[in-house]
Amino acid sequence: MAISAALNNQSTSRFPSFRKLNHPRRPFSSTSSLHTNTTFHHSISLLKFQSSKSSVIVRLSGGDGSNNNNNGNGGGGDNGGEGEGESDDDGKSKGELVLALAQFGRSLESVPSDLAKAVESGRIPVSILERYFELEKSPFLKWLLQFGGFRERLLADDLFLAKISMECGVGIFTKTAAEYEKRKENFMKELDFVIADVVMAVVADFMLVWLPAPTVSLRPPLAGSAGPIAKFFFSCPDNAFQVALGGASYSLLQRIGAIARNGAKLFAVGTTASLVGTGVTNALIKARKTVDKSFGGDVEELPIVSTSAAYGVYMAISSNLRYQLLAGVIEQRVLEPLLHQHKILLSALCFAVRTGNTYLGSLLWVDYARWIGIQ
């Protein structure tokens, strides 16, 4: 299939003449005779797109082919029926791509190679490319889009940064309030403990948004030498409930695999964060007792290993499921379609839902910690 595009910078309601569009060596006419066994076919379809900046006309033409007594079913060197169906779908996607590039005055060479390849191959819709161009208008977002992890998440959810800010902001407030409630009049004296606890909580909150967030997969395929387990988890979505793009689909097993993979990651994050936080807290307690003999007569060191393992298990199960449901179902499948054109209201509802989720998580952690005997 040959593709040619004509861009006309002046708004017009007319198509260019067919004489200009036809290839000089391939006339538009078709000939047929009862005295010959060969029929030449040449088909042209025109797609016209009109934007505020330019008029785009895409010419899709099929190749010549011979019949040779094949009941008139000749084609451009391929299976006629199959090729025609593929041409229709391919022509539609190519036309949308040409229109999007014309609207923004861009070329595929000006976008990251992974995004360009995904759009060209049809793995993601052209609307994702349009979102990329819109996000690039912000200097800060343009800088973030250079990083693959942020690019995949921002293209799937343009409010991703707002949600990270919400989660971390709520985490700082609730954790500080809990520390104040626990320490009362010793809050300022034990400010170093408070800061250590809050920092670890913010790191955990960031990862709880980052890992279960829906993404637009731009990763190149795995090497052929990769094992079956690696290939399986590579094919799983980042969020078990996220919407599949570009005509792709995820099986139930792949979605379960997404929960298991994120659970393993969150277990590692929770355990590490708790190890560092608990270790720093115990070190500060020892340092205070050494310097100030009157400090902390009733302050006990926390059990590092058991507390860290318990927190890792909690994040892998409770936090993992809650945040996957929150990002993949409540936000992406319910709130986003309903309030797509009302970003302020959408952000407010996301804030309310995430605040409620954080509060619920705090209650569940207290019950869980008491149940296993670490508090």
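This one's a predicted model, so the numbers in the text were calculated from it and none came from an experiment.

*Asks:* What am I meant to see in the overall build of the protein here?
*Replies:* Broken down by element type, the protein carries 12 helices and 3 strands. Counting all 375 residues of the protein, 37% fall into the buried class. For the protein, the share of sequence-separated contacts (at least 6 apart) that also reach a separation of at least 24 residues comes to 63%. Split by element, the accessible area of the protein, about 21400 Å² in all, is 61% carbon and sulfur.

*Asks:* Looking at this structure, how should I read helix H3 (residues 113–120)?
*Replies:* Those residues of H3 lying buried are Asp114, Leu115, Ala116, Ala118 and Val119. Among the residues trailing H3, Gly122 stands out with phi positive, at a value near 80 degrees.

*Asks:* How do you make sense of the nonpolar core when you look at a structure like this?
*Replies:* One broad trend across soluble globular proteins is that nonpolar side chains are buried collectively. Of all hydrophobic cores here, the largest spans 44 residues; its most connected members are Val111, Leu115, Ile124, Leu129, Leu154, Leu155 and Phe160. For this core, the element with the highest residue contribution is helix H4 (residues 126–135), accounting for 6 residues. Once residues within four sequence positions are removed from consideration, Leu154 is found in contact with Arg131, Leu135, Leu141, Leu144, Leu145, Phe160 and Leu161. Residues Met166, Leu335, Leu339 and Leu346 belong to the second largest nonpolar core, which totals 6 residues.

*Asks:* Help me understand the packing of helix H7 (residues 160–183) against helix H12 (residues 343–372), please; the structure alone is not making it clear to me.
*Replies:* Packed helices, taken two at a time, are described by the angle their axes make and the gap between the axes. Remark: H7 packs on H12, axes separated minimally by 10 Å, with the N-to-C direction vectors making an angle of 40 degrees. Here H7 is positioned oblique relative to H12, judged by the angle of their axes. Pair H7 / H12 crosses with right-handed handedness. Residues Lys163, Met166, Glu167, Val170 and Thr174 of H7 form the contact with H12, whose participating residues are Ser347, Cys350, Phe351, Arg354, Thr355 and Thr358.

*Asks:* Any chance you could explain the environment of Leu253 here in plain terms?
*Replies:* Relative to the helices and strands, Leu253 is located in helix H10 (residues 252–291). When its relative accessible area of 55% is taken as the criterion, Leu253 is described as exposed. The sequence separation of Leu253 and Ala240 amounts to 13 residues, and the corresponding C-alpha distance is 9.9 Å.

*Asks:* Help me understand the environment of Met315 in this model?
*Replies:* Assignment of secondary structure puts Met315 in helix H11 (residues 304–338). A relative accessible area of 0% places Met315 in the buried class. As a C-alpha pair, Met315 and Lys265 span 50 residues in sequence and 9.4 Å in three-dimensional space. With near-sequence residues (within four places) excluded, Met315 lies in contact with Ala204, Leu208, Leu266, Val269, Gly270 and Asn320.

*Asks:* What is the right way to read helix H8 (residues 191–210) from this model?
*Replies:* Counting along an α-helix, one turn takes 3.6 residues, and residues three or four places apart therefore face a common direction. The terminal C-alpha atoms of H8, which comprises 20 residues, lie 28 Å apart, in line with the 28 Å expected from a rise of 1.5 Å per residue. Residues Phe193, Val194, Ala196, Asp197, Val198, Ala201, Ala204, Asp205, Leu208, Val209 and Trp210 constitute the buried set of H8. Buried-residue contacts for H8 involve helix H6 (148–156), H7, H10, H11 and H12.

*Asks:* Sorry, what's going on with the packing of aromatic side chains here?
*Replies:* Aromatic rings in a pair are described by how distant their centres are and how their planes are angled relative to each other. This structure, assessed with the given rule, holds 15 aromatic pairs. Between Trp143 and Phe147, the aromatic rings sit 5.2 Å apart at their centres with planes inclined by 80 degrees, giving edge-to-face as the arrangement. Centre to centre, the rings of Phe150 and Trp210 are 4.9 Å apart; their planes meet at 75 degrees, and the pair counts as edge-to-face. Taken as a pair, Phe150 in helix H6 and Trp210 in helix H8 lie far apart in primary sequence, 60 residues in all. Since its relative accessible area comes to 17%, Trp210 is described here as buried. Three or more aromatic residues joined by ring pairs make a cluster, and in this case those are Phe150, Phe160, Phe206 and Trp210. The lysine or arginine in question, Arg153, covers the ring of Trp210, its NZ or CZ lying 4.1 Å from the ring centre.

*Asks:* Before we go on, may I ask you to explain the pattern of salt bridges in this structure?
*Replies:* Once the charged atoms of two side chains with opposite charge are near each other, the side chains can pair. Applying the stated criterion across every chain yields a total of 12 salt bridges. The salt bridge partner of Glu336 is Lys343, with a shortest N-O separation of 4.0 Å. Exposure remark for Lys343: the relative accessible area of 27% places this residue in the partly exposed category. Salt bridges sharing common partners tie together Asp157, Lys163, Glu167, Glu331 and Arg354.

*Asks:* Could you clarify how one ought to interpret a nonpolar patch on the surface in this entry?
*Replies:* Together, Met188, Leu191, Ile195, Val199 and Val203 give the surface a local cluster of nonpolar side chains, amounting to about 430 Å² of exposed area. By the element assignment, Leu191 lies in helix H8.

Reading the values: rules and limits
- Within every chain, residues take consecutive numbers counted from 1 along the sequence as written.
- Note on the predicted model: pLDDT of at least 70 is required for a residue's local features to be given, and 80 or more for side-chain atom pairs to be given and counted; whole-chain, interface and lining totals, by contrast, use all residues.
- Side-chain metrics in this entry use all non-hydrogen atoms of the structure; hydrogen atoms and water are not considered.
- Labels follow the DSSP assignment, with helices taken as runs of H or I lasting at least four residues and strands as runs of E lasting at least two, numbered in each case from the N terminus.
- A simple rule labels every residue: compare its accessible area, found with a 1.4 Å probe on the protein chains alone, to the largest value its type can have, and call it buried under 20%, exposed over 50%, or partly exposed in between.
- A contact between two residues is defined here by any heavy atoms of the two lying within 4.5 Å.
- Residue exposure ignores everything except the shown protein chains as possible cover, and the areas themselves are Shrake-Rupley values with a 1.4 Å probe.
- Among buried residues, those of type Ala, Val, Leu, Ile, Met, Phe, Trp, Tyr and Cys that are joined through side-chain atoms within 4.5 Å constitute a nonpolar core.
- Geometry is summarised by axes, namely lines fitted to C-alpha atoms with helices restricted to the contacting stretch, and by angles between N-to-C directions that run from 0 to 180 degrees.
- When an angle is under 35 degrees it counts as roughly parallel; over 145 it counts as roughly antiparallel; between 65 and 115 it counts as roughly perpendicular; any other value is oblique.
- For any helix crossing, the convention is left-handed if the near helix is rotated counterclockwise from the far helix by under a right angle, and right-handed if that rotation is clockwise.
- Every helix has an expected span of 1.5 Å times one less than the residues it contains.
- Stacked, tilted and edge-to-face pairs are distinguished by plane angle, under 30 degrees for stacked and over 60 for edge-to-face with tilted covering the rest, among Phe, Tyr and Trp rings (Trp via its six-membered ring) whose centres lie within 6.5 Å.
- The criterion for a charge sitting over a ring is simple: Lys NZ or Arg CZ within 6 Å of the ring centre, and within 35 degrees of the ring normal.
- Salt bridges are identified by distance alone: a Lys or Arg side-chain nitrogen within 4 Å of an Asp or Glu carboxyl oxygen.
- Patch membership needs two things, relative accessible area over 30% and no salt bridge, and members are linked within 9 Å if like-charged or within 5 Å if nonpolar (Val, Leu, Ile, Met, Phe, Trp, Tyr).

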